[in-house]
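Each chain, written out:
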Amino acid sequence: MSEKDTLFIKRAIELSLESVKRGGGPFGAVITKNGEVVSESSNQVTLLNDPTAHAEISAIREAARKLNTFDLSGCEIYASCEPCPMCLGAIYWARIDRVFFANTRVDAGNIGFDDSFIYEEISRPIGERKIKFKQLLREEALEAFRDWEEYENKVEY
């Protein structure tokens, strides 16, 4: 671990501590590129009444705005805790190169932030999930996919 890695993970931890004092969840995240901070955030789920306002998601959104791109290749994320399934998915979609974290998902589960049920649900067949799924109007929806395939100016992602 480099000196900068230590500095950035300590900042993510500091953001998590500040979040608790403001009434948010105990999570913080910092995104860097070329050794410089691009964005940082803490958990704002309860503050914004937004279940997607996790520290990592908010930091990704800010970094994408600042860098004016959805592709965060070349960036690293420093999180005070191992990313949850939603944040992990966003990290992959954003193409972030490396993830550094402090607390584990087991540590998070020990204080009530247990994502194990989501990991289990993802691996279940659709018909066996806790939330009921029902597919509707697939043929109609496929029209947008056909249009996408034929669209000449699409930006691949």
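Basis of the calculations
- Residues numbered from 1 in each chain as written.
- Predicted model: local features only at pLDDT ≥ 70, side-chain atom pairs only at ≥ 80, totals over all residues.
- Heavy atoms only, no water.
- Helix = DSSP H or I, 4+ residues; strand = E, 2+ residues; numbered from the N terminus.
- Buried < 20%, exposed > 50% of the residue type's maximum accessible area, 1.4 Å probe, protein only.
- Areas by Shrake-Rupley, 256 points an atom, 1.4 Å probe, with all protein chains shown as cover.
- Lys, Arg positive; Asp, Glu negative; His and termini not counted.
- Charge placed at Lys NZ, Arg CZ, Asp CG, Glu CD.
- Patch = residues over 30% accessible without salt bridge, like charges linked within 9 Å, V, L, I, M, F, W, Y side chains within 5 Å.
- Salt bridge = Lys/Arg side-chain N within 4 Å of Asp/Glu carboxyl O.
- Disulfide = S-S within 2.5 Å.
- 1 Å grid on protein atoms, 1.4 Å probe; cavity = no way out; pocket = protein on both sides within 12 Å on 5 of 7 lines; lining within 4 Å.
- Points joined across faces, edges and corners; volume = space filled by probe spheres on them.
- Core = buried A, V, L, I, M, F, W, Y, C linked by side-chain atoms within 4.5 Å.
- Contact = heavy atoms within 4.5 Å.
- Pairing = 2+ DSSP bridges.
- Axes fitted to C-alpha atoms, helices over the stretch in contact; angles between N-to-C directions.

### A look at the overall build of the protein
Thought 1: Check the secondary structure of the protein and you find seven helices and four strands.
Thought 2: Moving toward the C terminus, one meets the helices and strands of the protein in the order α-β-β-α-α-β-α-β-α-α-α.
Thought 3: For the protein, the proportion of its 157 residues judged to be buried stands at 32%.
Thought 4: Element-wise, carbon and sulfur atoms account for 55% of the exposed surface of the protein, whose accessible area totals about 10,600 Å².
Thought 5: Charged side chains of the protein number 20 positive and 27 negative; the gap between the two group centres comes to 3 Å.

### Some remarks on a negative patch on the surface
Thought 1: A cluster of acidic residues, Glu140, Glu143, Asp147, Glu149 and Glu150, forms a negative patch on the protein surface.
Thought 2: Looking at the secondary structure, you find Glu140 in helix α7 (residues 138-150).

### With respect to the state of the cysteines
Thought 1: Scanning the model with the defined rule gives zero disulfides in all.
Thought 2: No disulfide involves Cys75; its nearest neighbouring cysteine sulfur is the one of Cys87, lying 16 Å away.
Thought 3: The thiol of Cys84 is unpaired, and the distance to the nearest cysteine sulfur, on Cys87, comes to 3.7 Å.

### Concerning the layout of surface pockets
Thought 1: The space that makes up the largest pocket amounts to roughly 340 Å³.
Thought 2: As for the largest pocket, its lining consists of 19 residues, and the residues nearest its centre are Phe27, His54, Cys84, Phe113 and Asp115.
Thought 3: Secondary-structure elements contributing two or more residues to the lining of the largest pocket are α4 (85-94), α5 (105-110) and α6 (116-123).
Thought 4: Ranked by the residues each element gives to the lining of the largest pocket, the list is headed by α4, at three residues.
Thought 5: In this structure, the second largest pocket spans a volume of roughly 200 Å³.

### Observations concerning the nonpolar core
Thought 1: Counting residues in hydrophobic clusters, the biggest one holds 20 residues, and the most contacted among them are Ile31, Ile60, Leu72, Ile77 and Ile96.
Thought 2: Listing elements by their share of this core, those giving two or more residues are β1 (28-33), α3 (55-67), β3 (75-81) and α4.
Thought 3: Looking at this core element by element, the count peaks at five residues for α3.
Thought 4: What Leu72 contacts, discounting residues up to four positions off in sequence, is Ile60, Ala63, Ala64, Leu67, Ala94, Arg95 and Ile96.
Thought 5: Among the nonpolar cores identified, the runner-up in size contains seven residues, and Phe8, Ala12, Leu15 and Val30 belong to it.

### Description of the sheet that holds β3
Thought 1: Pairing is mixed in the open sheet, where four strands are placed in the order β2-β1-β3-β4. A single partner strand is all that each edge strand has here, and the edge strands are β2 (36-42) and β4 (98-103). Taking the axes of each pair of neighbouring strands and ignoring which way they run, one obtains an average angle of 15° across the sheet.
Thought 2: Here β1 runs beside β2; their pairing, made up of six bridges, is antiparallel. Note that in β2 the partner of Lys33 across the bridge is Glu36.
Thought 3: Set on the sheet, α3 makes contact with β1, β2 and β3; between it and β2 the angle comes to about 140°.

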